[in-house]
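# Observations on the model geometry
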Amino acid sequence: MNTAGPPGPTDSDGLDLIPFRGVRYVPERVGSLAAVTSPPYDVVVRPDGLHHLESADPHNIVRLILPQAVSPDTRNALAADTLRLWLSEGVLAPDETPALYVYEQRDGDHLQRGVIGALRLSEASEGVVLPHEDVMPHVVADRAGLMRATAANLEPLLLTYRSEGNATGTTAVVERTVKRAPLLATTTEDGFAHRMWSVTDPAELAEIRADLAHHQALIADGHHRWATYLRLRSEQPSPSPWDFGLVLLVDTARYPLRVRAIHRLLHRLAVPDALAALKNSFRLREVPGPLSHALDALADAAAHGNAFLLAGAGSFHLADAPSPDLLARTIPADRPEAWRTLDATVLHSTLLDHVWGIPEDAPEHIAYIHDAAATVAKAERDGGTAVLMHPVREEVVRDLARQGVTMPRKSTSFGPKPATGLVLRTLAD
């Protein structure tokens, strides 16, 4: 199951997206495509969400992206064995012809379309693919172990680029392709409808490649996996299939993404203790529930400056208007103003590091959760504190990335994210 042979570099310093032999579920061998897909590995709320997905179908993709065993080495070996078994049994099979894949997601009135392919890897210093968040070394090590063992890209990263907004180049190919019968279609339990088409025509592949060669991309979701791609590339002689990584590229001038916040759960900090530590440096107000009402109050406060919603112990508290003196003492002064005023910057540099003294890389102290309701529910159950965030605008993220400035880790959640399990990329026979 070889991927398409890596072509030479393009004549541009822009994006280089190539076709590959997609590995996909054989519909006759699984209950349904919806039953074998999952959200990206870091969105699955463990353990409840993991167990739910595992029970949906014995071949659910979480058995590859989040294998369950005692040690990392055992987990990775289990995933590799499972992938080999599913391929040998015909549960998964490679497409005959290398292709790029047009991918569509629809949720009510929101429509997102993009192209899945193997993207030539590049360092941030090259200015082709721009990261906007820091990464946690232990997560990169975890993903590297899994990819190394399976010799596969199991889920596409979400990258964005911006065209002039007209239907030319890649967008023209996408919008012609979606008029044809799809390769697959399914609706997942979150209500999203997914469709996918393969693009194999040499002229259309060339049209896409020539167009993307003039663009740079922003990593919207998948910083840890991109860092993993780069680590694994450095371990291989070049050229090799490891010079490329599986991505979904979305033109946000044509199909804008949603930008949401990623929330924090502080396992060992009770709400009364969190509030007591803030009483002399933030304005604190209790706000009535339900959660939707409290989030509206957070949005109103965030329009005027840094604001956080603390939840747990049956209550919601708004913390805003931080002391300028405290910010001056705790926020690094050698960064752009847009970075110094981010809520995520204030949370990490001021609250976590200075006020609460919580290590941001320690899973026993802090968890990063995409869903606000799930964060609050866990805080209520475990006696911790949920710190709910307001999302940052995409323009701010892109502007900082172009300046080479990374935001604190887990600052944003772009979406909708591609469903994991619709197409995989293997890197070896």
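In this report, the structure presented in the accompanying data block is examined. It should be emphasised that the depicted structure is a prediction, and the values quoted were computed from it without experimental measurement.

### Re the pattern of salt bridges
One pass over the structure, following the stated rule, counts 20 salt bridges. Where Arg84 meets Asp81, a salt bridge forms, and the shortest distance between an N and an O atom there is 2.4 Å. Taken as a pair, Arg84 and Asp81 lie in helix α4 (residues 72–89) at a separation of three residues, close to a single helical turn. Note on Arg84: relative accessible area 51%, which makes it exposed.

### Observations concerning unusual backbone geometry
Cis geometry marks the peptide bond from Gly289 to Pro290, where omega comes out at 5°. With respect to the secondary-structure elements, Pro290 resides in the loop between β15 (283–287) and α10 (291–302). Here Ala151, not a glycine, exhibits a phi torsion of approximately 50°, which is positive. Within the secondary structure layout, Ala151 lies in the loop between α5 (137–150) and β7 (152–153). The exposure class assigned to Ala151 is buried, which follows from its relative accessible area of 18%. Its identity as a non-glycine residue notwithstanding, Ala313 has a phi of 55°, on the positive side.

### Topic: the sheet that holds strand β18 (residues 366–369)
An order of β15-β17-β16-β19-β14-β18 is seen for the six strands of this open sheet, with the pairing classed as antiparallel. Lying at the two open borders of the sheet, with one neighbouring strand each, are β15 and β18. Across the sheet, the mean angle from the axis of one strand to that of its neighbour is 25°, orientation sign disregarded. Pairing analysis gives six bridges linking strand β16 (residues 307–312) to strand β17 (residues 315–320), with the strands arranged antiparallel. Bridge pairing in β17 places Ala307 opposite Asp320. Sheet contacts for helix α13 (residues 343–356): β14 (263–266), β16, β18 and β19 (385–388); angle to β16, the most-contacted strand, approximately 55°.

### A few points about the nonpolar core
By size, the foremost hydrophobic cluster in this structure holds 112 residues, and its most contacted members are Tyr25, Ile116, Leu159, Trp226, Leu249, Phe308 and Trp356. If you tally residues by element for this core, the top one is α13, at six residues. Other than its neighbours up to four places away in sequence, Ile116 contacts Phe20, Leu100, Tyr101, Tyr103, Pro156, Met196, Leu246, Val247, Leu248 and Val423. Core analysis: the second largest hydrophobic core is formed by 20 residues, Ala307, Ile369, Ala374 and Ala379 among them.

### Some remarks on the environment of Arg258
Turning to its location among the elements, Arg258 is positioned in strand β13 (residues 258–260). Within the structure, the side chain of Arg258 is placed 3.1 Å from the side chain of Asp107, a separation counted as a polar contact.

### Here we look at α4
Under the 1.5 Å per step criterion, the end-to-end length of α4 is 26 Å for 18 residues, consistent within 8% with the ideal 26 Å. Here α4 has its buried residues at Asn76, Ala79, Ala80, Thr82, Leu83 and Trp86. With its buried residues spanning 160° around the axis, α4 presents them on a single face. With respect to the buried face of α4, the exposed residues turned more than 90 degrees away are Asp73, Arg84 and Ser88. The inward-facing, buried residues of α4 abut β2 (23–25), α3 (62–65), β3 (92–94), α5 and β7. One or two steps after α4, the chain reaches Gly90, where phi turns positive at roughly 80°.

### Structural notes on the side chain of Thr330
Along the chain, the position of Thr330 falls in helix α11 (residues 324–330). Residue Thr330 is classed as buried on the basis of its relative accessible area of 13%. One polar contact links the side chain of Thr330 to the main-chain carbonyl oxygen of Leu326, over a distance of 2.8 Å.

### Thoughts on the packing of aromatic side chains
Under the defined criterion, the tally for this structure stands at four aromatic pairs. The positively charged end of Arg143 is found above the aromatic ring belonging to Tyr41, 4.1 Å away from the centroid. Just above the ring of Trp339 sits the side chain of Arg335; from NZ or CZ to the centre is 4.4 Å.

The rules we used
- Residues numbered from 1 in each chain as written.
- Predicted model: local features only at pLDDT ≥ 70, side-chain atom pairs only at ≥ 80, totals over all residues.
- Heavy atoms only, no water.
- Salt bridge = Lys/Arg side-chain N within 4 Å of Asp/Glu carboxyl O.
- Helix = DSSP H or I, 4+ residues; strand = E, 2+ residues; numbered from the N terminus.
- Buried < 20%, exposed > 50% of the residue type's maximum accessible area, 1.4 Å probe, protein only.
- Pairing = 2+ DSSP bridges.
- Axes fitted to C-alpha atoms, helices over the stretch in contact; angles between N-to-C directions.
- Contact = heavy atoms within 4.5 Å.
- Core = buried A, V, L, I, M, F, W, Y, C linked by side-chain atoms within 4.5 Å.
- Polar contact = N/O pair within 3.5 Å; in protein donor to acceptor, adjacent residues only side chain to side chain.
- Expected span 1.5 Å × (residues − 1).
- Arc of directions from axis to C-beta.
- Phe/Tyr/Trp six-rings, centres within 6.5 Å; stacked < 30°, edge-to-face > 60°.
- Lys NZ or Arg CZ within 6 Å of the ring centre and 35° of its normal.

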